[in-house]
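Reading the structure
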Amino acid sequence: MLFRSSILSFASLYLTRKTLLLFGYLPKYDIIFVLLWLLSPSQFIYANMVMSETLLQFILSCMLYAISCYYYKQTNHIYLLVFNLMLILAALTKPVMYPFVFINLVGMSYWSMRIKKIMPFVIALIPLFFLGSYGLWNYNHTGVYQYSSIQTTNKLDYNAYYLLINLEGKEKATAIIDTIHVKANRIEDYAHKTAFLNNEANAILRNHFWDYAKFHTKGVFRFFLDPGRFDISGFILKGDQRSQGFFEKINSSGWHAAIKFLWQ
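Keep in mind that what you see is a predicted model, and the values were worked out from it rather than measured.

Reading the values: rules and limits
Here the residue index of a chain counts from 1 through its sequence in written order. Restriction of local features to residues with pLDDT of at least 70 applies here, the model being predicted, together with a cutoff of 80 or more for giving and counting side-chain atom pairs; totals for whole chains, interfaces and linings are based on all residues. By convention in this description, side-chain values take in all heavy atoms of the structure and omit both hydrogens and water. Computed over the protein atoms alone on a 1 Å grid, cavities are sets of points where a 1.4 Å probe fits but cannot get out and pockets are open sets with protein on both sides within 12 Å along at least five of seven lines; a residue lines them when it has an atom within 4 Å of a point. Grid points are joined across faces, edges and corners, and a volume is the space filled by probe spheres set on the points. Helical segments are the DSSP runs of H or I of at least four residues, strand segments are the runs of E of at least two, and each set is numbered from the N terminus. The aromatic pairing rule takes the rings of Phe, Tyr and Trp, using the six-membered ring of Trp, and pairs them if the centres are within 6.5 Å, calling planes under 30 degrees apart stacked, those over 60 edge-to-face and the rest tilted. Burial here depends on accessible area, computed with a 1.4 Å probe over protein chains only, as a share of the maximum for the residue type. Under 20% is buried, over 50% is exposed, and the range in between is partly exposed. Among buried residues, those of type Ala, Val, Leu, Ile, Met, Phe, Trp, Tyr and Cys that are joined through side-chain atoms within 4.5 Å constitute a nonpolar core. Residues are treated as being in contact if the distance between any of their heavy atoms lies within 4.5 Å. Scored from 0 to 100, pLDDT reflects the predictor's confidence in each residue. Axis lines are fitted through C-alpha atoms, for helices just across the contact stretch, and the angle between N-to-C directions can take any value from 0 to 180 degrees. What makes a crossing left-handed is the near helix being turned counterclockwise from the far one by less than a right angle; a clockwise turn instead makes it right-handed. Working definition: roughly parallel below 35 degrees, roughly antiparallel above 145 degrees, roughly perpendicular at 65 to 115 degrees, and oblique for all remaining angles.

1. Comments concerning the layout of surface pockets
The volume enclosed by the second largest pocket comes to roughly 200 Å³. As for the second largest pocket, its lining consists of Ile67, Tyr70, Tyr71, Phe83, Asn104, Gly107, Met108, Tyr110, Trp111 and Arg114. Of all the elements in the fold, those that place two or more residues in the lining of the second largest pocket are helix 4 (52-72) and helix 6 (99-115).

2. Quick look at the packing of aromatic side chains
Using the criterion set out here, one finds 12 aromatic pairs in the structure. When the ring of tyrosine 134 is compared with that of tyrosine 147, the centres are 5.1 Å apart and the planes differ by 50°; the resulting orientation is tilted. Of this pair, tyrosine 134 sits in helix 7 (residues 119-142) while tyrosine 147 sits in the loop between helix 7 and helix 8 (150-168), and the two are 13 residues apart along the sequence. What makes tyrosine 147 buried here is its relative accessible area of 9%. What links up through ring pairs into an aromatic cluster is the set Tyr98, Phe130, Tyr134, Trp137 and Tyr147.

3. Let's talk about the nonpolar core
Here is a general trend for soluble globular proteins: nonpolar side chains tend to be buried in one another's company. Within the largest apolar cluster, 17 residues are counted, with the highest numbers of intra-cluster contacts made by Leu156, Ile177, Ile180, Leu197 and Ile204. Listed by contribution, the elements that provide at least two residues to this core are helix 8, helix 9 (170-185), helix 10 (190-207) and helix 11 (209-222). Sorting elements by how many residues they give to this core places helix 8 first, with 6 residues. Apart from residues lying up to four places away in sequence, leucine 156 is in contact with Tyr161, Ile177, Ile180, His181, Leu197 and Ala201. Leu56, Cys62, Met63 and Leu131 belong to the second largest nonpolar core, which has 16 residues in total.

4. Observations regarding the confidence of the model for the protein chain
Mean pLDDT over the protein chain: 85, with 86% of residues reaching 70 or higher. By mean pLDDT, helix 13 (residues 246-253) is the weakest element of the protein chain at 62, and helix 5 (residues 78-93) is the strongest at 95.

5. Examining the packing of helix 1 (residues 2-22) against helix 2 (residues 30-38)
One way to put it is that helix 1 packs onto helix 2 with a least axis distance of 12 Å and a crossing angle of 145°. Once helix 1 is placed against helix 2, the crossing between them reads as right-handed. Two secondary-structure elements touch here, helix 1 through Phe10, Leu13, Thr16, Arg17 and Leu20 and helix 2 through Asp30, Phe33 and Trp37.

6. Here's the deal with the packing of helix 4 against helix 5
Packing of helix 4 against helix 5 leaves a shortest axis separation of 8 Å and a crossing angle of 160°. For the element pair helix 4 / helix 5, the angle class is roughly antiparallel. Of the two elements, helix 4 crosses helix 5, and the hand of that crossing is left-handed. Two secondary-structure elements touch here, helix 4 through Ser52, Leu55, Leu56, Ile59, Cys62, Met63, Ala66, Ile67, Cys69 and Tyr70 and helix 5 through Tyr79, Leu80, Val82, Phe83, Met86, Leu87, Leu89, Ala90 and Thr93.

Structure follows, in structure tokens:
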């Protein structure tokens, strides 16, 4: 399994280089390409942890290469078909990718109008049809029309939880979220349980709307300050040390403690 994961990792880099060649990249810059690769420890860490991120990276690399080939060979719609099929695989690998199905449809609709050909729009309907069918299948089995339960989990256990940590402190935030989960676990019907969790999470975010807006916006910028460090600490450190994150330090102790932790 580790060997196959490593193969996917190398294949992603190979496809990335092939894509760059389409846009005028010159082989003489390969030393820089390799150097950037060597300075990306997450690339090695994920490949040796058998995580879905490696597979997703390969799928995204295939998508990038396919859409780039289509850009230069618009008469060949096979590349566009491959792109959309890979988008389905990406959504199956990581549910976070499913919103891109709608973004893809909007983009392909615009492109169809621009080139005055309906084929890009028709092909973009394939992922949308898959998404709708999958949601309907879930509805028939659970009573909830959703692509994945990760939406509910993310909203309550991450968005609402870390907002409360920022406002109330970790101890109180944990107590509030734990109480919600205790109540939810008493509900046997999955649809009612999901509705309860969503309502509780929405209530927290709605009651602190402006605080959450600022918190979320700051989080978007903070994301770019910590690339790969969490992966390194999670791979090297042991025990409780793994749970100590840069963002958690900012939220609980401020910038000074976070910078000190990052330096350590």
